[in-house]
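What follows is the residue order along each chain.
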Amino acid sequence: MSAPPKLVEAITYVVEHSPRPPGRTLLQKLLYLSDVESVRRTGRSVTGLDYIAYDHGPWLPQLYDALALAENLRERRYLWSRGQGYEYELAPGARPRYSLLTDEDRQVLQSIASTWGRRPLEDVLAHVYEQSPYEGTPFGAPVPLA
């Protein structure tokens, strides 16, 4: 497994600051929205990674490896009408350190997690699909962040 350590920190930070445990799809979108917002504010993304236009919007190929490496997170599996789902929360007793995230990174991640992390997934997906820069990106193509 290979995932950038900064991505692992960003995922952990988003999970820690979300008002409810995010599932995989929501987590993808929170990271994407954070990267878009960071590019707007600072000219660079938090993760430094490229998203691909996929089934449920922008997809980060390294996400699953990063989740497997996130020692401070606990994965909870559940069944729902569409099959099996996953939610993430801080593991009991976890004390994450964020040595790779800048103060600007943390501000953006916390703002997006607290704002969009409380919204229903359908609202988040609609927002992502209808907004630039994702809107109109062809399936399988890299998603521009600006």
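Residues numbered from 1 in each chain as written. Predicted model: local features only at pLDDT ≥ 70, side-chain atom pairs only at ≥ 80, totals over all residues. Heavy atoms only, no water.

**Student:** Hey, could you go over the pattern of salt bridges for me, with residue numbers and the actual values?
**Tutor:** Taken as a whole, this structure holds 11 salt bridges when the rule is applied. Among the charged side chains, a salt-bridge network with shared partners connects K6, R44, E104 and D105. (Salt bridge = Lys/Arg side-chain N within 4 Å of Asp/Glu carboxyl O.)

**Student:** Describe the pairing of strand 1 (residues 51-54), listing the residues and the values that go with them.
**Tutor:** Note that strand 1 and strand 5 (residues 142-143) share 2 bridges and pair antiparallel. Counted as the bridge partner of Y51 is V143 from strand 5. Relative to strand 2 (residues 57-59), strand 1 is paired through 3 bridges, and the arrangement is antiparallel. The partner of I52 across the bridge, within strand 2, is W59. Where strand 1 folds back on strand 2, the antiparallel hairpin that results is connected by 2 residues. (Pairing = 2+ DSSP bridges. Helix = DSSP H or I, 4+ residues; strand = E, 2+ residues; numbered from the N terminus.)

**Student:** An account of the sheet that holds strand 2 is requested, with residue identities and associated values reported.
**Tutor:** Taken together, 3 strands build an open sheet; the order of strands is 2-1-5 and the sheet is antiparallel. Two strands lie at the open edges of the sheet, namely strand 2 and strand 5, each paired on one side alone. The strands that helix 2 (residues 24-42) touches are strand 1, strand 2 and strand 5; relative to strand 2, the one it contacts most, it runs at about 90 degrees. (Contact = heavy atoms within 4.5 Å. Axes fitted to C-alpha atoms, helices over the stretch in contact; angles between N-to-C directions.)

**Student:** Give me the lowdown on the side chain of S45, citing residues and values where you can.
**Tutor:** By the secondary structure assignment, S45 is in the loop between helix 2 and strand 1. Its relative accessible area of 12% is what places S45 among the buried residues. Among residues more than four places away in sequence, those in contact with S45 are D35, S38, V39 and L145. (Buried < 20%, exposed > 50% of the residue type's maximum accessible area, 1.4 Å probe, protein only.)

**Student:** Describe the environment of A91, listing the residues and the values that go with them.
**Tutor:** Note that A91 resides in the loop between strand 4 (83-90) and helix 4 (103-116). In the structure, A91 is positioned 27 residues away from Y64 in sequence and 17 Å away in space, judged by C-alpha atoms. Beyond its immediate stretch of four places on either side in the chain, A91 contacts N72, L73 and R74.

**Student:** Explain the nonpolar core to me, and be specific about the residues and the numbers.
**Tutor:** One finds I11, L27, L31, Y32 and L109 to be the most contacted residues of the largest nonpolar core, which totals 40 residues. Listed by contribution, the elements that provide at least two residues to this core are helix 1 (5-17), helix 2, strand 1, helix 3 (63-69), strand 4, helix 4 and helix 5 (121-130). In terms of residue count, helix 2 provides more of this core than any other element does, 8 residues in total. (Core = buried A, V, L, I, M, F, W, Y, C linked by side-chain atoms within 4.5 Å.)

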